[in-house]
Amino acid sequence: MPYMCNIQMPMGKPKELIEKTMVEVSEVLIRNFETKPKQVRVIVDELPQNRYIIGGVMASEMPEFCKCPSEKGL
């Protein structure tokens, strides 16, 4: 039986960051559940800002929420 992890996040994050996150999440699931790598599935759904709401405010109206860390000077 596979272990599934679905991550939903705003669109626009760098491909390298998404792939790094997927690898790290996979590693945690493999280690913590003592399972084989082929039994782990990690899926990332990137959501456009007009497809979700935060505290009653459309994400598209909150551009600061969706910026990549590199854009914030981190």
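No experiment lies behind these values; they were computed from the predicted model shown.

Enquirer: How would you sum up the overall build of the protein chain? Please name residues and give values.
Expert: Along its length, the protein chain carries one helix and four strands. Reading the protein chain from its N end, one meets helices and strands in the order β-α-β-β-β. Residues classed as buried in the protein chain amount to 19% of the 74 residues present. Considering only intrachain contacts with a sequence separation of at least 6, the fraction spanning at least 24 residues in the protein chain is 59%. Surface exposure of the protein chain reaches about 5,700 Å², of which carbon and sulfur atoms provide 58%.

Enquirer: Describe the environment of I30, with residues and values.
Expert: Mapped onto the fold, I30 is located in helix α1 (residues 15–32). Given the relative accessible area of 23%, I30 is considered partly exposed. Counting along the chain gives 27 residues from I30 to Y3, while the straight-line C-alpha distance between them is 8.9 Å. Setting aside its immediate chain neighbours within four residues, I30 contacts T35, K36, P37 and V40.

Enquirer: So what's going on with α1? Residues and values would help.
Expert: Over its 18 residues, α1 runs 26 Å from end to end, which matches the ideal 26 Å to within 8%, given 1.5 Å per residue. For α1, the full list of buried residues reads I18, S26 and L29. Taken end-on, α1 shows its buried residues confined to a sector of 70 degrees, consistent with a single buried face. Projecting away from the buried face of α1 at angles above 90 degrees are the exposed residues E16, R31 and N32. Summarising the contacts, the buried residues of α1 are in contact with β1 (3–10) and β2 (40–47). Positive phi appears at E34, one or two residues downstream of α1, with a value of about 45 degrees.

Enquirer: Explain the pairing of β1 to me, using residue names and the numbers behind them.
Expert: Bridge count for β1 against β2 is eight bridges, and the pairing is parallel. Bridging from a neighbouring strand, C5 pairs with V42 of β2. Traced from β1 through α1 to β2, the parallel crossover comes out right-handed.

Enquirer: With reference to specific residues and values, describe the packing of aromatic side chains.
Expert: Inspection of every chain in the model, using the stated rule, returns one aromatic pair. Taking 4.9 Å as the distance between ring centres and 15 degrees as the angle between the ring planes, the aromatic pair formed by Y3 and F33 counts as stacked. Here F33 lies in the loop between α1 and β2 and Y3 lies in strand β1, a separation of 30 residues in the sequence.

The rules we used
Residues numbered from 1 in each chain as written. Predicted model: local features only at pLDDT ≥ 70, side-chain atom pairs only at ≥ 80, totals over all residues. Heavy atoms only, no water. Helix = DSSP H or I, 4+ residues; strand = E, 2+ residues; numbered from the N terminus. Buried < 20%, exposed > 50% of the residue type's maximum accessible area, 1.4 Å probe, protein only. Contact = heavy atoms within 4.5 Å. Areas by Shrake-Rupley, 256 points an atom, 1.4 Å probe, with all protein chains shown as cover. Expected span 1.5 Å × (residues − 1). Arc of directions from axis to C-beta. Pairing = 2+ DSSP bridges. Right-handed = clockwise from strand over helix to strand, strands pointing away. Phe/Tyr/Trp six-rings, centres within 6.5 Å; stacked < 30°, edge-to-face > 60°.

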